[in-house]
Amino acid sequence: MQFLFVLHIQGTYYLVYLLHLCTCPGGLMFLNEGNLLDNLRQRFHKNTVYSYVANILLAVNPCQPMPELYSPKAIAAYHGRSLGSMPPHVFAIADKAFRDMRTTSQSQSIVVSGESGSGKTETTKYIIRYLTSLRSAKERTASQIEQRLVEANPLLESFGNAKTTRNGNSSRFGKYMEVHFSEKQRSPGRVKYDEALVVGGSVSHYLLEKSRIVSQSREERNYHVFYRLCAASPPELQQALFLKDAGSYHYLKHSCLKDGSINDVEGFKLLQNSMTQVGLADKEKIAIFTVVAAVLHLGNINFEENTSSTKGGSIIAPGAVEAASRASALLGLSRDTLCEALLTRVMTTRRGGAKGTVIGVPLKQDQACKGRDALAKAIYSRLFDHIVERVNSCFPVERSASYIGVLDIAGFEYFQRNSFEQFCINYCNEKLQQFFNESVLKHEQQLYKAEGLGIARVEYIDNQDCIELYEIRGTGLIDLLDEECRLPSGSVEHFTSAVHKTNSQHFRLMHPRRSKLAFYKSMRDTEGFVIRHYAGAVCYETAQFIEKNNDALHDNLELLMQESADPLVQKLFPILSPATEARKPGKSKLIFASIADKFRAQLKRLLEKLNSTGASFIRCLKPSIKMEPGVFKGGQVLSQLQSAGMVSVLALMQTGFPSRTGFQSLYEMYKRFLPRKLAALDPRTFCQALFRALGLSDHDYRFGLSKVFFKPGKFAEFDQIIKSDPDNIAQLVKKVEKWLVCKRWRRVQFAAICVIKLQKKIQARHEGAVIVQKSVRGYLTRKKNRARVRAYPQVVKLRSQLSTIEKSLGKLHKYRNTLAPKLADLIKKTDQLLVQLKNTALLRVDIDSAFQVYSTATDRLTQELHNLALKEKEEEEMERIRLIQASLERERKTREEEERRRQEEEKQRKERERKLREIEKQRRQAEEEAMRIREAERRRQEEEEERLFLLHEQQAEEEARRMASEEQERRDRELAERLAQDAVQPQEVLIREAAEGVPKSAQDAIPASPQRVRAQPSALSAASATPTGGASPIMPTSPSRIKRDLTKWKYADLRDTINTSTDVELLIACRDEFHRRIRVYQAWKSKNRQRDDVSPSSLPNELRNTPSPPPASRIGQISVGKSVSTPPPSRAKASAAPAAAAAAATPPPPRAELPSKPSPALARTAAATAAVAPPAPARTAVPTPGGDNTTVASAFGEAPAAPQRTMASAFAEAPAAPQRTMASAFAIQPQRFFRVPFIRPSDQAQTKNAYKKKGWWYAHFDGSWIARQMELHPDKPALLLVAGKDDIDMCELPLEETGLARKRGAEILESDFEKIWSKHGGQAYRRYRVVAAD
């Protein structure tokens, strides 16, 4: 079904042509954007791409060729046809504009707008083709002017169109093409008017995108002519213009060189043909191509900094000299002159010296590049102006009565990055949208209000405030931009700040950070601004606003082009007028010409022209972004419809009277054809008679004060009224006369009817008595059968309930047959009751009783059905639960079987571990036996060394002093080595030495600390010096010596005093104290070792013949020091010397106070002390009393020593405890693995990127102490550390103090740790540790 609506505004008719819309019984339509979008979608999939809304044509780009839609046959079909009598088409809009131009003698304009890729350029071509084909009704061949109008498009497209991301042939300029027609003249002997002839045309262009000449994105292209000239020009032309492939030129190589949708060879042929059709000679063609080639070669001129000159500046790059030569040759200039103009800028002095002195200022590299690009843009833009001017000269306008203008301009644009071009295009669309609103919406509602129709107001967006934001003098965006361009040091930051500051309270302007898009929130306030346009908010980046708005050249480049020998270049850069010539080039001030200001002036003239003409609108729509044939994206199309203002038009069409005409104008049209008796009627009465004659209903139109308005859908009648055809007007006059006669005749008929009605009234009274009798009888009958009438619907309802119960019963499976007999019987009885109600007169009591019985039976049956349904459902649910339980039972048995297998495997694994522990125990016992043999040998050697030491004490004083120092050093070194090799001394010797006490010299009273000794250097020197001032020889100690108390001295103090003091007695006392501490330590170790000694006879037979002990590395892995209760050696990282001194600081107790047996506490203390011995560079595995293998240093500085609290507890009284054996067992400690990220402190001082490098720290804790540690750096080799080997570099804290167990996500699986450990070359770890068993 098709529907038509008409809207007439200022002599223009508006029509809506919709399909498949919902209608109400009264014939009214429900128009909204959803129906419109659905209509467009359905028509698009039927290859019907045109639709009407008012007189606005909606053209959806089919994205594929449709030649049959624009064939000559189609042009002929739409010729002279009223709008709406044919399906929507661009030819219908063109024909309507042509007929309106003839009818009203007013020029017409067709505004074609839409997004890039919506088909604006193709639509414009079809309009021009149609208008030029209307030369004659019989002659379909176009004249030379008409042919040129059609063929001018390929030429303009080659120089003004380019490929963009949205369209392969996007117009990068706006154009307004005018087709002028001659006056219409009446031919003798003919009734109708001849068609107007095309007498000329003109093209006006707006805002050519100059920035595309010098730069494009990777997906876009430069203007078509560059690629077509390089790809398809003849070889001789390419040789003459020095042309190569497009990739050889700086202005083209960064663009999309190849595109499957663009045929440059075919495009060049169309270009040449178009240039020939518009009248360009071969010489003019070559001249135009020469300038185009010169622009390409000009872009290949590169610059580099001039390092040889003290003035700075730049020079032509060596590789660009050839390009400079070719560009200068094609432009008719000398190479040196062109290079000098590009490398320098001419300035004129205003103060200092002679006024007006010309100075050449060298340009830097970037300044020279900008000057080159500005020259290329100026040449190409002026060439485009010349081509448009040349096209206009091919079809001059001589005698034009009116014209039809076609405006093809880019629609509203918004990209992710919007610059100056989008700023100007959207400004133009704001102006055109305002023109559309005033033409279609604002004027329409003002007219309704003025005529007093009482139509509700339709709201629409008034964008006048947005236009004022652009245009207002002083504070508008364009004026602020021009003012910034005039400043000597203008910047985009200052311009953007001025925009925000000046218009801070304007609703249409806001900061980028307030945008809803996250991409613009990070933009600074000085980098852009956001404008709320009628179609949506757009964020503009102002980085290149000043550069693109400045349309000026330096004076020297302007004069250089004027001196060219090429005629076309001279024409492009004409010599200035005398008034302008007075300004000398040496002044070097830019001739400022604002593109935005020029564009504003052009828009003003364009809108004045549009306001003076009748307007028609074509909104081109793009079905999808990818522009694929047959793809229609509703969301994208709806956004374009809303931007085009279609929603407001639909609302106005729904409530308004879109068609209208004035009483007087309509009366004047018919006045000369009216007879005398009709001419006397007033215009309003005549219009009423006219509408009555046409048979219009009162609801189809409404009279205003001066005009009559029509509802939508009455186009055919209205078009018949206003059609200014003499034959049609004469027919309408006859209809009016006929209607008047009919009206008089109806009056006579009315009188006769009144008489007849009176007669019928009398007759009706008689008939009324009959009706009363009939009514009484009917009442009595209804009263008698009222019970049956009321009961019948109730029984019918009850029967429907039984039908519902029957359907529900059919859904049961198990209990279906239980209620079926009862239900069938009840249905049968109910049907019998219905038959009785129809045919038998029953009493009310019987009816109510039967209905009550059946109703109760029905309710009972319903309840039983409900119970059975629930029961069947429960049984099904129980069956489902039983199946689930069976499945769960099977899964449980499967899990139990898997658990049993796992337990068996675990049992086998524990058995293997037990056997391994037994083997390890046997190996350990063999090692202890070997250590016991080595200990006996060490005790013998130590006794011999002690004897020799006592003999050396008795030597002469001079020899004793000298040998004492050497012997002291030797003994210290030997003792340290023995401590590293042997763990304990023979128990009997050490106990005897401890019981005998320390040497007498160690008991002498001495200063409490070395600080006090150092505080009296004079006394010390006096005691040690000879009468002659020299050092006295060391004498043997005697009882008369001063006793010194050195028990509280630290080991470091003793060492420093021995190495630096000259006091002989103090030296001897320090030496004795040092040896006393060593003996006490050895005695302590021996006493603790006795407790854990095991006789060889108590060892198992398997371990008596055990071979030599394993390597020290293996011993360290299973040492007691790695048990859970004892921290590893790495815990004591402090120096061992202070610990040894502190341990020996407490004097030993008397011999009588020593315990006869070592207590368990003493043994545990000895084991702990041996475990905390610090590591040393050269380690040797030494047996310790508890079977531990402790590594000690080979120097005195790192000798292990028991702390003071350990020594005190060793000699304290302890309660008796049962003897503890050396039986050992394997204990499996909990193994935990962790991974945490880290950043090395040394990396934090690096750069920001280096600081972000993150490594991983892996740790393996065996019980509470760390066993393995690994560090993975992003740019270094992995660092692997093992306890017992690298303790000094490993973690010192127990697991509880590290907090790793509480850190979320830090703990990992053992398999993950072992995978990384083995990946970086780590050895396998043995988890079994030897612990002492009580």
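Nothing here was measured: the structure is a model prediction, and the numbers come from that model. (Residues numbered from 1 in each chain as written. Predicted model: local features only at pLDDT ≥ 70, side-chain atom pairs only at ≥ 80, totals over all residues. Heavy atoms only, no water.)

A count of helices and strands for the chain gives 47 helices and 30 strands. The buried share among the 1334 residues of the chain stands at 47%. The long-range fraction of contacts in the chain, counting pairs at least 24 apart against all pairs at least 6 apart in sequence, stands at 73%. Accessible surface computed for the chain: about 68400 Å², of which carbon and sulfur atoms make up 54%. (Helix = DSSP H or I, 4+ residues; strand = E, 2+ residues; numbered from the N terminus. Buried < 20%, exposed > 50% of the residue type's maximum accessible area, 1.4 Å probe, protein only. Contact = heavy atoms within 4.5 Å. Areas by Shrake-Rupley, 256 points an atom, 1.4 Å probe, with all protein chains shown as cover.)

What follows deals with the nonpolar core. The biggest cluster of nonpolar side chains holds 112 residues, and the ones touching the most others in it are Phe159, Ile301 and Ile618. No other element matches helix α13 (residues 365–394), which puts twelve residues into this core. In contact with Phe159, other than residues within four places in its own chain, are Tyr223, Val225, Leu271, Ile288, Val292, Tyr380, Leu383, Phe384 and Ile387. One finds Leu58, Cys485, Leu610 and Met646 within the second-largest nonpolar core, a separate group that totals 62 residues. (Core = buried A, V, L, I, M, F, W, Y, C linked by side-chain atoms within 4.5 Å.)

Turning to the pairing of strand β25 (residues 1231–1238), a few remarks are in order. Examined bridge by bridge, β25 and strand β26 (residues 1255–1262) share eight bridges and lie antiparallel to one another. From the neighbouring strand, Val1236 faces β26, where its bridge partner is Trp1257. Sheet topology places β25 next to strand β29 (residues 1307–1308); two bridges connect them, and they run antiparallel. Of the residues in β29, the one forming a bridge with Phe1233 is Ile1308. (Pairing = 2+ DSSP bridges.)

Let us now look at the packing of helix α16 (residues 477–486) against helix α17 (residues 492–502). Packing of α16 against α17 brings their axes to within 10 Å, and their N-to-C directions diverge by 145 degrees. In the crossing of α16 with α17, the sense of the turn from one axis to the other is right-handed. Residues Leu477, Leu480, Leu481 and Glu484 of α16 touch α17, and the partners they reach there are His494, Phe495, Ala498, Val499 and Thr502. In terms of residue class, the contact of α16 with α17 is built from six nonpolar, two polar and one charged. (Axes fitted to C-alpha atoms, helices over the stretch in contact; angles between N-to-C directions. Left-handed = near helix turned anticlockwise from the far one by under 90°. Nonpolar A, V, L, I, M, F, W, Y, C, P; charged D, E, K, R; others polar.)

Another aspect to go through is a positive patch on the surface. A surface patch of positive charge is lined by Lys677, Lys743, Arg744, Arg746 and Arg747. In terms of residue count, helix α30 (residues 726–784) provides more of the positive patch than any other element does, four residues in total. One can find Lys677 in helix α27 (residues 676–679). For Lys677, a relative accessible area of 62% corresponds to the exposed category. (Patch = residues over 30% accessible without salt bridge, like charges linked within 9 Å, V, L, I, M, F, W, Y side chains within 5 Å. Salt bridge = Lys/Arg side-chain N within 4 Å of Asp/Glu carboxyl O. Lys, Arg positive; Asp, Glu negative; His and termini not counted. Charge placed at Lys NZ, Arg CZ, Asp CG, Glu CD.)

In this section: unusual backbone geometry. Even without being glycine, Phe242 reaches a positive phi, approximately 60 degrees. Along the chain, the position of Phe242 falls in the loop between α8 (235–240) and α9 (264–277). Judged by relative accessible area, which is 32%, Phe242 ranks as partly exposed. Here Met627, not a glycine, exhibits a phi torsion of approximately 55 degrees, which is positive. Counting through the fold element by element, Met627 comes out in the loop between β18 (614–621) and α24 (634–643). A relative accessible area of 22% means that Met627 is categorised as partly exposed.

With that settled, consider the confidence of the model for the chain. Per-residue pLDDT for the chain averages 75, and the proportion of residues at 70 or more is 74%. Across the chain, the element-wise mean pLDDT spans from 34 in strand β23 (residues 1189–1192) up to 93 in helix α10 (residues 282–299). Note on residues 185–194: pLDDT is under 50 here. Beyond four places in sequence and across chains, it has six contacts. Here residues 1328–1334 is modelled with pLDDT under 50, and outside its nearest four sequence neighbours on either side it reaches 27 contacts, counting other chains as well. (pLDDT = per-residue confidence, 0-100.)

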